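# Architecture at a glance
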Amino acid sequence: MASQEEIKAVRMEKLKKLESLGIELYPISVRKDYNILDLREKFEELVKAEGSAEYTAQEICIVGRIMSMRGQGALVFADVFDGTATFQTIFKKDQNPIYTLSTQKGESVSGITETLAHPGVTKTASIGADANENGNDANQSPTDAFELFKDTADMGDFIEARGRLLRTSRGEMSLVVSAWRMITKSLRPLPEKWHGLQDVEERYRRRYLDVLSNEDVRKSFILRSKLLTAVRRFYDDHGYLEVELPILQALAGGATAAVFETHHNALDLDFNLTIAQELYLKKLIVGGFNKVYEVGRRFRNEGIDTTHNPEFTMLESQEAYADAKSQRQFIQDLVQSLVRELFGVDSFQYEGQTIDTGKAFEVREYLEVIAEYAGITDVRAKSREELVEVAHKFGADIEPADEFEKIIDKIYKKAVRPKLIQPIFLINYPVEFNPFAKRREDDKTLIDRFQLVMGGLEVTNCFSELNNPVDQKDRYEDQDRKKRKGDGEISPSDQDYLEAMEYGMPPNGGIGIGIDRLAMLFINTGNIKDAILFPTMRPEDTGGSSAEKAAKKKESSVAVIILNAGAELVGWQRMNTVAHLSASFAGTAGKKLFMQESVKTADDQDIKLNIQHAILIKELGSNDALKNVLAKANQVGLSTSEFTREMIETTNDKKVIAQTKEKNFAEVEHLGVLVFGPKSLVEEATEGAVLVG
């Protein structure tokens, strides 16, 4: 079997052949009289209008990608797909097809007059029809257009085909081609009936081939689009206003999650990508908008598994004067409406189960189902050690910083959630589970929160929103305490949001809907990647430096300063060299060196943290040895900083630059160098250096 590159080389030769004939292979405009789906629907009407003729007298023009080719000799069949449907085209040598460079309505090309009421594109010439005394029209090539198609057309090419409609003896709707032209020459072969893309990861990376070659996948994403349209329509019909909110946020709040960080160059400020829009929506509630919602991307710097993607789509909404109970009814009505609209019935299939949405959804207490499925009663009476033991029994991993609510949640996800197949609302969670939900009036240890679970997937997160700024401040302080203990997934104190609350926020209900999870259910897949067109993937390893490859393996990084022992530096010079190299390193790498900037003491005082990487100080015996370290480090892509004799003799950068420019590299005396990167590569580059005692 020929390789991709061999096939590409053959197709390049075909491209050159067509170009040598003066053919524009990637034209600006094309002629399209019908979408193929419309043509198939109107086929009988068009053919019937022509009476009993073998072909329709009127010619039409279609465009699309060649998905399959078959036949030989004087007859070739090519199935053309235009994104709406597929249509069979027939190339017959005895029909004397021509190669049309382009046509215009009403213009005669090779004896054929266009009669369709569709303005075409500019008129040019054609190949392979009426001949002059030399056997060819002055504006035509001697090339046989039928043979040209056989010799140069491939599966994957886009063509424009003009001809008459015909139903074959086998009943196949067809277009007998009288003229054709190439409108895009493809250089790579399509996967044949999906045999060419067996690797699941390749399907995700090259989704454009996946949706082109797999009709079920294509239909899945059409269903997802219809789902999102229907959700928006439902919200709009219920009086909600769709709004647009910031993705770049100075403080990412509204949920407990690790964040993605970025930097704005013009403002010289660090920003976070949004993890939730809840706080902005509630500010709008303060501002007098009673019903608002936003659909958009969220970014959480967390693990990837079958139900989590770091970048995902979520709908969040807030309704003034609503509570969790009224929002439960709203969610039930929404889900029931979606299922009826998308499937035409009150149920759908998921992972071999029939999910019935036609009746009222079951409502259960969260701690009640924990007790039933995990065997834990009176969870607050249990010690942390007892809860960890239960978690381990169900295969949950517990981190040292995990507190009560995280341990319980991990038990729930292992022991309970997979068993909840039919629609069920879980209500009344422990107060520690969410810093923004209002406490129950009858039990202050619980919050008025609910989640909808179907098919073992959490679809919504909703609650009566906390609107008491004093309580909110206390909750924030508890979140900050957890952060100081090492919990990276907390919602930080947001003074701007607290200020908004202090102006007065009406009682309101909030909803969060995971669109990807809902799509998983309706598409009938257990993998979130099948519900996202372009899921987050590790890039293909196409090379890169050794440092980049080591970084992909998440190897810990280290910085090593190498002093030049041969320079015979005195104490203050050695300290000065180390200080300048460290400052240069920090200035280049910036805040990415820090896990977090500060930590609070028990009495709420800030202590600025140091970088999270070790800095070792070593020595080598000569200037040449330091230059050798630099060469090795640069070769494998490590970060480096340098400190030279010129830099210690003056603090005037202009003098340093002028003096350095006068020397060759070999003449520059290095007093010290710093190397930073993956530990194994740094150790290799600094081999032989002795640790300073």
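Given the structure is predicted, the values throughout are model-derived calculations rather than measurements.

When pLDDT is low, close inspection of the predicted coordinates is not appropriate. Residues at a pLDDT of 70 or more form 87% of the chain, whose mean pLDDT is 86. The element-level mean pLDDT for the chain is lowest in strand 6 (residues 112-113), coming to 30, with strand 10 (residues 241-242) highest at 98. Scored below 50 in pLDDT, residues 103-142 shows 88 contacts in the model against residues more than four places distant or in partner chains.

Below, the discussion takes up the environment of F463. Structurally, the position occupied by F463 is in strand 22 (residues 460-464). Sequence separation between F463 and N508 is 45 residues, and the spatial gap between their C-alpha atoms is 8.8 Å. Filtering out sequence-adjacent residues up to four positions away, F463 remains in contact with E278, A324, N434, F436, A437, D448, R449, N508, G509 and G510.

Let us now look at the sheet that holds strand 11 (residues 248-249). In space, the three strands of this open sheet follow the order 11-13-12, with antiparallel pairing throughout. Each end of this open sheet is capped by a strand with a single partner; those strands are strand 11 and strand 12 (261-264). Pairing of strand 12 with strand 13 (residues 269-273), which is carried by four bridges, proceeds in the antiparallel orientation. When the sheet's bridge partners are listed, H264 is paired in strand 13 with L269.

With that settled, the discussion passes to the packing of helix 6 (residues 215-237) against helix 8 (residues 324-343). Put simply, helix 6 and helix 8 touch, their axes get as near as 10 Å, and they point 135 degrees apart. Considered as vectors, helix 6 and helix 8 are oriented oblique to each other. As helix 6 runs across helix 8, the sense of the crossing is right-handed. Only F330, D333, L334, S337, L338, E341, L342 and F343 of helix 8 make contact with helix 6, whose side of the interface consists of L223, K226, L227, A230, V231, R233, F234 and Y235. The class makeup of the residues in the contact of helix 6 with helix 8 is eleven nonpolar, one polar and four charged.

All right, on to the side chain of N564 then. Relative to the helices and strands, N564 is located in strand 24 (residues 557-564). Setting aside anything within four residues of it in sequence, one finds N564 in contact with L620, G621, S622, N623, L626, E669, H670 and L671.

Moving on to the pattern of salt bridges. Scanning the model with the defined rule gives 47 salt bridges in all. Two residues, D154 and K14, come together in a salt bridge whose shortest N-O distance is 2.7 Å. Taken together, the residues D154 in the loop between helix 3 (145-152) and strand 8 (158-167) and K14 in helix 1 (residues 4-20) connect sequence positions 140 residues apart. Note on D154: relative accessible area 12%, which makes it buried. By relative accessible area, K14 is classed as buried at 17%. Residue R224 pairs with D516 through a salt bridge whose shortest N-O separation is 2.7 Å.

Here we take up the packing of aromatic side chains. When we look at a pair of aromatic rings, we describe it by the centre distance and by the angle of the planes. On inspection of all chains with the given rule, the structure shows 22 aromatic pairs. A ring pair is formed by Y99 and W180, whose centres lie 4.7 Å apart and whose planes are at 80 degrees; its orientation type is edge-to-face. Taken together, the residues Y99 in strand 4 (residues 98-100) and W180 in strand 9 (residues 173-184) connect sequence positions 81 residues apart. We note that Y99, like W180, is buried. The interplanar angle of 85 degrees and the centroid separation of 5.3 Å between the aromatic rings of F425 and F450 together place this pair among those described as edge-to-face. Linking F425 in strand 19 (residues 424-430) with F450 in strand 20 (residues 446-454), this pair joins segments that are 25 residues apart in sequence.

This part is about helix 13 (residues 495-502). Along an α-helix, a turn takes 3.6 residues, which lines up residues three or four apart on a common side. Taken residue by residue, helix 13 has Y497, L498, A500 and M501 as its buried positions. One side of helix 13 carries all its buried residues, which in axial view fall inside an arc of 160 degrees. Exposed side of helix 13, more than 90 degrees from the buried face: Q495 and E502 are the residues found there. Summarising the contacts, the buried residues of helix 13 are in contact with helix 7 (278-286) and helix 12 (469-484). For helix 13, the capping residue at the N-terminal end is D494, with a side-chain oxygen 3.1 Å from the backbone nitrogen of D496. G504, located one to two residues past helix 13, shows a positive phi value of around 105 degrees.

What counts, and where the lines are drawn
Residues numbered from 1 in each chain as written. Predicted model: local features only at pLDDT ≥ 70, side-chain atom pairs only at ≥ 80, totals over all residues. Heavy atoms only, no water. pLDDT = per-residue confidence, 0-100. Helix = DSSP H or I, 4+ residues; strand = E, 2+ residues; numbered from the N terminus. Contact = heavy atoms within 4.5 Å. Pairing = 2+ DSSP bridges. Axes fitted to C-alpha atoms, helices over the stretch in contact; angles between N-to-C directions. Parallel < 35°, antiparallel > 145°, perpendicular 65-115°, else oblique. Left-handed = near helix turned anticlockwise from the far one by under 90°. Nonpolar A, V, L, I, M, F, W, Y, C, P; charged D, E, K, R; others polar. Salt bridge = Lys/Arg side-chain N within 4 Å of Asp/Glu carboxyl O. Buried < 20%, exposed > 50% of the residue type's maximum accessible area, 1.4 Å probe, protein only. Phe/Tyr/Trp six-rings, centres within 6.5 Å; stacked < 30°, edge-to-face > 60°. Arc of directions from axis to C-beta. Polar contact = N/O pair within 3.5 Å; in protein donor to acceptor, adjacent residues only side chain to side chain.

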